[in-house]
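Coordinates in review
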Amino acid sequence: MESNTPKFRLRLNLFDGIVLVLALAVGAFLLWTALKPDTASVGTPAAASSTVRYTVRFQKWIEGTSSLIESGDKLVDNIKNYELGSVVSSEVVPAQSLQLDHNSRQYVLTIIPGYEDVLVTVESPCTITDEAITLGGGYALRVGGTAYIRGEGYMASGPIVAIEREGE
């Protein structure tokens, strides 16, 4: 007599097939990420440590208040408390703004009476990579970006107008 044991048959419907393919894809991805070489150590050069001087323009200060800024003041980012360096020098210039001249229908750069702009030069240790200049505290430095700064007895904001790296 023959035994009536049925043979094993794998019958998959559409849903079972999709789940099986997804599970195999996830497994292959995890295996690939575990075995691939670390790209951070292979392709990127080490970051260079240096010193940077940059200039921030504090805009529309009331005349005479620029005397609060002194050489050697430690500056801190007002939002995330990153250390931004120490003040090297400050220069007072007249506050200027673009005003619409209705007669000529053009914007004209005019001086704002009663106010002054302060150009503050700051020096800080930094890390230089291909992507960015990062100050010692972790602040990414970019020309044209607005910096929100807190000093000893004052707070200010303004654009970063110049960056000078050490050795240039």
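Note: the structure precedes this text.
Below or above, wherever it landed, is the structure these notes cover.

Basis of the calculations
Residues numbered from 1 in each chain as written. Predicted model: local features only at pLDDT ≥ 70, side-chain atom pairs only at ≥ 80, totals over all residues. Heavy atoms only, no water. Helix = DSSP H or I, 4+ residues; strand = E, 2+ residues; numbered from the N terminus. Rg over C-alpha atoms; globule rule 2.2 N^0.38 Å. Phe/Tyr/Trp six-rings, centres within 6.5 Å; stacked < 30°, edge-to-face > 60°. Buried < 20%, exposed > 50% of the residue type's maximum accessible area, 1.4 Å probe, protein only.

Let us now look at the overall build of the chain. Secondary structure assignment for the chain yields two helices and eight strands. Mapped from its N terminus to its C terminus, the chain presents α and β elements in the order α-α-β-β-β-β-β-β-β-β. A compact globule built from 168 residues would reach a C-alpha radius of gyration of about 15 Å, whereas the chain, at 30 Å, exceeds it by more than 25%. Its C-alpha atoms give the chain principal-axis dimensions of about 115 × 45 × 30 Å.

What follows covers the packing of aromatic side chains. The final tally for this structure, using the stated rule, is four aromatic pairs. Aromatic pair Phe-29 and Trp-32: ring centres 6.1 Å apart, planes at 40 degrees, arrangement tilted. Of this pair, Phe-29 and Trp-32 both sit in helix α1 (residues 14-35), three residues apart, which is roughly one turn of the helix. For the ring pair Phe-58 and Trp-61, a centre distance of 5.6 Å and an interplane angle of 5 degrees mean the geometry is stacked. Here Phe-58 falls in the buried class, since its relative accessible area comes to 0%. Members of the aromatic cluster, joined through ring pairs, are Phe-58, Trp-61 and Tyr-154.

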